[in-house]
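These are the residues of each chain, in order.
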Protein chains: 2
Amino acid sequence: MEEFHTNIGENIKRIRKERNLSLDKTAEITGVSKTMLGQIERGKSAPTITTLWKIASGLRLSFSSLVSQYKPSVTIVKKKEVNPIVENNGQYRVYPLVPYNPEQQFEIFSVTLEPGCEHIADPHSTGVEEFILVNEGTLEVVVNEQVYVVEPEDTLIFKADRPHIYRNIGDRMVKCSIVIHYSSQ
Amino acid sequence: MEEFHTNIGENIKRIRKERNLSLDKTAEITGVSKTMLGQIERGKSAPTITTLWKIASGLRLSFSSLVSQYKPSVTIVKKKEVNPIVENNGQYRVYPLVPYNPEQQFEIFSVTLEPGCEHIADPHSTGVEEFILVNEGTLEVVVNEQVYVVEPEDTLIFKADRPHIYRNIGDRMVKCSIVIHYSSQ
DNA sequence: ATAATTCAGACGTTATATTGCACGTGTGTG
DNA sequence: CACACACGTGCAATATAACGTCTGAATTAT
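Residues numbered from 1 in each chain as written. Chains lettered and ligands numbered in written order. Predicted model: local features only at pLDDT ≥ 70, side-chain atom pairs only at ≥ 80, totals over all residues. Heavy atoms only, no water.

We now examine the sheet that holds strand 2 (residues 92-98) of chain A. Where strands meet in a sheet, backbone hydrogen bonds hold them as pairs that are either parallel or antiparallel. Residues and elements named next belong to chain A. In space, the six strands of this open sheet follow the order 1-2-3-10-5-8, with antiparallel pairing throughout. The strands lining the two open edges of the sheet, one partner per strand, are strand 1 (85-87) and strand 8 (155-159). With strand direction ignored, the average angle separating the axes of adjacent strands in the sheet is 20°. The pairing of strand 3 (residues 106-113) with strand 10 (residues 174-181) spans eight bridges and is classified as antiparallel. Pairing of F109 across the sheet is with I178, part of strand 10. (Pairing = 2+ DSSP bridges. Helix = DSSP H or I, 4+ residues; strand = E, 2+ residues; numbered from the N terminus. Axes fitted to C-alpha atoms, helices over the stretch in contact; angles between N-to-C directions.)

The following block contains the structure:
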């Protein structure tokens, strides 16, 4: 999300137009200069949070109405085109399919474990929950010194704020999808 | 809300400490320099929304958890100390008691009309609702060419996206409280 | 039609957000 | 004790956000 501020600009411009406000009027109301407003609207400049606060306050807007992303109705992510994060000498590969963003409180990966691979994952912060959907192979997960065996088509859900271990003890590859949810707190 | 960015700094520092992260680690995770993080935490610098985005993404946080205001448990606002906005040659006075802020979608005024005063208010944008609580005197409000008489202790609620008129036709002062709610849309 | 007004964008200047480097302060470890 | 290491902060350099002024185009008024 490099061009994130362009969204804010479009939102501001749309709202300003809806209300039939000129840049001058908006500048007067918000206390932000006309030039700056124009640059923000055109994505030429990323405002500081103080000026964003001024704009939101002057226009009587919430933050969410300003930062709300334009969601394309359809997006396709090709796994082939995603660079995996490799660990355990390439035996453990993570493909970020849906990266985290502050609006959406979760992220989605596709994970591959070669036979015999054991991966020890660091605990996440409190309130984080993992949803593991196994597609191929049999995955062993260790949480709280307890071993869980997850067969294909099965799903494991657990609070990931403690260390956990993924193991592929079978002789075929394990492919699974992992959804990680971060609580707002 | 002049020192608005200090709140964000405190929030970031609190969360970082909760997770036992150093500035170096946080810089590595978020892609924002250690120095900048330190300055933001101490309120010495107001970040742009792009760096705030980086921080929120790297730390897996929502915007709301970063911008959430610290609310003092008790606040008292003395009307004597509030500068009113005067119109109609001082016959119409507006005291802003609770100013708008982007988190809280409303604002509260205390309004005074001298006897005989008529004030024509411009329409607000769509979705705006007004709640008028009359404390003293009798207030006449005209909305949609319809006249409403509001006695003391009574409350008038109406969509304020059209022109409306306040009138004091009695011989005593009218004092009322007005809550204006701005829809998030 | 001409003048006046309003609008959006360009230019130059100032203020400040952002970075990399370096310094001082602890905190353990040999 | 000395050494290394991690942590937070200060400083100079740079990038860029923010502002005021001006210009050209479009709209409205006279």
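Turning our attention to the pairing of strand 3 (residues 106-113) of chain B. Residue and element names in this part refer to chain B. For strand 3, a buried count of six out of eight residues is recorded, marking the element as mostly surrounded by other parts of the structure. In this structure, strand 2 (residues 92-98) lies alongside strand 3, joined through six bridges in antiparallel fashion. In the strand pairing of strand 3, P96 is matched with F109. (Buried < 20%, exposed > 50% of the residue type's maximum accessible area, 1.4 Å probe, protein only.)

To continue, consider unusual backbone geometry. At A:R60, a residue that is not glycine, the phi angle is positive and equals roughly 60°. Position of A:R60 among the secondary structure elements: in the loop between helix 4 (49-58) and helix 5 (63-67). If you check the backbone angles, B:N20 has positive phi at about 55° while not being a glycine. Relative to the elements of secondary structure, B:N20 occurs in the loop between helix 1 (5-18) and helix 2 (23-30).

Okay, the protein's contact with DNA strand D next. Near DNA strand D, the surroundings consist of 20 residues, among which A:M36, A:T48, A:T51, B:L23 and B:R42 are the closest. In DNA strand D, atoms within 4 Å of the protein come 67% from sugar and phosphate. Within the backbone of B:L23, an N or O atom sits 2.7 Å from a phosphate oxygen of DNA strand D. Within the contact set of DNA strand D, a phosphate oxygen lies 2.8 Å away from a side-chain nitrogen or oxygen of B:R42. Put simply, the parts of the chain that give the surface near DNA strand D at least two residues each are helix 3 (34-41) of chain A together with helix 1 and helix 3 (34-41) of chain B. No other element matches helix 3 of chain A, which puts three residues into the surface near DNA strand D. For the surface near DNA strand D, the per-class residue count stands at five nonpolar, nine polar and six charged. (Near = heavy atom within 4 Å. Polar contact = N/O pair within 3.5 Å; in protein donor to acceptor, adjacent residues only side chain to side chain. Nonpolar A, V, L, I, M, F, W, Y, C, P; charged D, E, K, R; others polar.)

What follows deals with the domain arrangement of chain A. On domain assignment, one finds that chain A holds domain 1 (5-67) and domain 2 (79-181). Here domain 1 of chain A and domain 2 of chain A have C-alpha centroids that lie 42 Å from each other. (Domains from an automatic or database assignment.)

Together, A:K13, A:K17, A:R42 and A:K44 give the surface a local cluster of positive charge. Of note, A:K17 is situated in helix 1 (residues 5-18). (Patch = residues over 30% accessible without salt bridge, like charges linked within 9 Å, V, L, I, M, F, W, Y side chains within 5 Å. Areas by Shrake-Rupley, 256 points an atom, 1.4 Å probe, with all protein chains shown as cover. Salt bridge = Lys/Arg side-chain N within 4 Å of Asp/Glu carboxyl O. Lys, Arg positive; Asp, Glu negative; His and termini not counted. Charge placed at Lys NZ, Arg CZ, Asp CG, Glu CD.)

A word on the confidence of the model for chain A. Scored by pLDDT, chain A has a mean of 90; 95% of the residues are at 70 or more. By mean pLDDT, the top-scoring element of chain A is strand 6 (residues 139-143) of chain A (96), and the lowest-scoring one is helix 5 of chain A (86). (pLDDT = per-residue confidence, 0-100.)

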